[in-house]
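# Examination of the molecular architecture
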Amino acid sequence: MKKSFLLALALAFGTQLAPAQTQPARPVPPATPQYRPSYHFTPAAHWMNDPNGMVYVNGTYHLFFQHYPEGMEWGPMHWGHATSRDLVSWQEQPIALFPDKLGMIFSGSAVLDANNTAGFGKNALVAIFTYHNPEEEKKNTNKHQYQGLAYSLDKGKTWTKYTANPVLPNPGIQDFRDPKVSWNPVAKQWVMTLATKDRITFYGSPNLKTWTKLSEFGAQLGAHGGVWECPDLFPLTLNGKTHWVLLVSINPGGPNGGSATQYFVGQFDGKTFTPTTTTQKWVDWGKDNYAGVTWANTGARKIFLGWMSNWDYANQVPTSPWRSAMTAPRDLALRQVGAEIYLTSTPSPELVKLAQPAQKLTNLTVKNELSLAGKLPAPGPQFQLKMSMKQLRDFQLVFGNSQGEELVIGFDKAKNEYYLDRSNVGDNSFSPKFAGRAPGPRLATGPAADLTLLFDAASVEMFADGGLTTLTDIFFPRHPLTTLTLRTPDGLAVEALTYARLKGK
């Protein structure tokens, strides 16, 4: 995602824009180590947004990301770089891609070119990204975004830009960006899924260098409250049948305001995507999961990572000297409920290695309110909480502190929706759009329910009913949340409540 103040930040780029040449940065606010997550990726310092170029090679997960290394707010975009062997311990690497005379380095993807189709070398890593040229933007030609290549022959340590960039010029579409590329065995070519203003355009190429338009999708389908961007296309199997999932991020126009990611389930024949139904579906109903995509080169397993913020307030959140984090990694799957096929998200199993010995309560009866003080450890900055019920009813899990702050997570049976409510927890003065309750509909239909919560310093990720309903929110308490209370107006029988601290890096 790239903000409207782009021109104000634009630079006259040289052949290579090093950090020292960029505009003077604003002073860095006082440090906020209490908000730094432990097992979610954050850069050591400065601005980060969309995950980019995610690819798995030789046991290493590569994460590139939109990065402004000279300031705490969005600025001239670079590709930052981090690596991990286990999806939870990350090592930040030197910046991979700098702006140059063709423009800033916006979002994109990376692939392992095992068969040397591009001619850069066998097993080359090839990044496909959007250039954004601010000088061209000033001309109002709508041709200021186009796609370029870079390649690495040393497993992502260093990168060389293709000398004949751009490989896909802009035909005159204002928003023409965020290529997600994968090899399609049916079409026997690379397929690029590209966000083109209010729709997705598919392109094909035998070599990553020459691209032919295949089809368009979505002009009259899905949510259109804002520009489409950061797409992803991948297959998943359900009951022995292959379905294709198309992710499309949108800003604004999310179900709870600002940024969010919708998805479609259907079929892709190597050229055209055809949705199974037109029901509106969202990857995450919370306020803070945007621009997420999946890692390339992981086989049938699809691992998702999103940017844990929202353009409504991303530039103002009170963290320092870094700004924003990624979500926890999530494994994606499909599940059928009635006539609809839904995408489920569950915490990736690698997170289990962080869990300390769990403490479990069983067969709890809650009449009005039950304090869990003395029954479970006081909540810490990093923990997992699981709750299961044979009969779902109205409830609230209230995480509080001695100052009266409360983060509320619950279920409203009358509305059939789960929700996160951060109205009364910590600092929300930085944006009028931050405080509030974010609901998400319950998609499961049975009486029994389960809930998994992941906390990490200043964020909570909720996975309900095996990940059918997911909500992600950030929050900034003035004091640690140390109490946990269960509330219910009509009585609630909790089959099991399990707490485990998560030991981060």
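Residues numbered from 1 in each chain as written. Predicted model: local features only at pLDDT ≥ 70, side-chain atom pairs only at ≥ 80, totals over all residues. Heavy atoms only, no water.

If you look the chain up in an unreviewed UniProt entry, it shows as Glycoside hydrolase family 32 protein from Hymenobacter perfusus. Turning to the chain, the UniProt record has this under Sequence similarities (unreviewed entry): "Belongs to the glycosyl hydrolase 32 family." (UniProt positions renumbered as here; feature names shortened; annotations may be inferred.)

In this section: the sheet that holds strand E17 (residues 290-294). With antiparallel pairing, the 4 strands of this open sheet are ordered in space as E17-E18-E20-E21. One side of each edge strand has no neighbouring strand; the edge strands of this open sheet are E17 and strand E21 (340-347). In this sheet, neighbouring strand axes are inclined to one another by 40° on average, regardless of whether the strands run parallel or antiparallel. Bridge count between strand E20 (residues 330-337) and E21: 8 bridges; the pairing is antiparallel. Its bridge partner lying in E21, Val337 is registered against Glu340. (Pairing = 2+ DSSP bridges. Helix = DSSP H or I, 4+ residues; strand = E, 2+ residues; numbered from the N terminus. Axes fitted to C-alpha atoms, helices over the stretch in contact; angles between N-to-C directions.)

Quick look at the layout of surface pockets now. Estimates place the volume of the largest pocket at around 600 Å³. Those elements giving two or more residues to the lining of the largest pocket turn out to be strand E5 (104-113), strand E9 (176-184), strand E10 (189-196) and strand E13 (227-238). Residues of the lining of the largest pocket, tallied by class, amount to 14 nonpolar, 9 polar and 4 charged. (1 Å grid on protein atoms, 1.4 Å probe; cavity = no way out; pocket = protein on both sides within 12 Å on 5 of 7 lines; lining within 4 Å. Points joined across faces, edges and corners; volume = space filled by probe spheres on them. Nonpolar A, V, L, I, M, F, W, Y, C, P; charged D, E, K, R; others polar.)

As summarised here, the arrangement of the 6 strands in space is E22-E33-E24-E29-E30-E31, forming an open sheet in which the pairing is antiparallel. Only two strands of the sheet have a single neighbouring strand rather than two, namely strand E22 (359-366) and strand E31 (469-474). Taken over all neighbouring pairs, the strand axes of this sheet differ in orientation by 15° on average, direction set aside. Pairing analysis gives 5 bridges linking strand E29 (residues 449-456) to strand E30 (residues 459-464), with the strands arranged antiparallel.

The positions UniProt marks with the feature "domain: Glycosyl hydrolase family 32 C-terminal" (unreviewed entry) are residues 350-491. Structurally, residues 350-491 comprises 0% helix and 49% strand, and the distance from its first C-alpha atom to its last is 36 Å.

Turning our attention to the nonpolar core. In terms of nonpolar packing, the biggest core is built from 56 residues, with Leu385, Leu397, Phe399 and Leu453 touching the most fellow members. Taken together, domain 1 (33-348) and domain 2 (355-501) each give at least three residues to this core, which thus spans both. What Leu385 contacts, discounting residues up to four positions off in sequence, is Leu376, Leu397, Phe399, Leu451, Thr452, Leu453, Leu484, Leu497, Thr498 and Tyr499. Of all hydrophobic cores here, the second largest spans 26 residues; its members include Cys230, Val293, Trp295 and Leu305. (Core = buried A, V, L, I, M, F, W, Y, C linked by side-chain atoms within 4.5 Å. Buried < 20%, exposed > 50% of the residue type's maximum accessible area, 1.4 Å probe, protein only. Domains from an automatic or database assignment. Contact = heavy atoms within 4.5 Å.)

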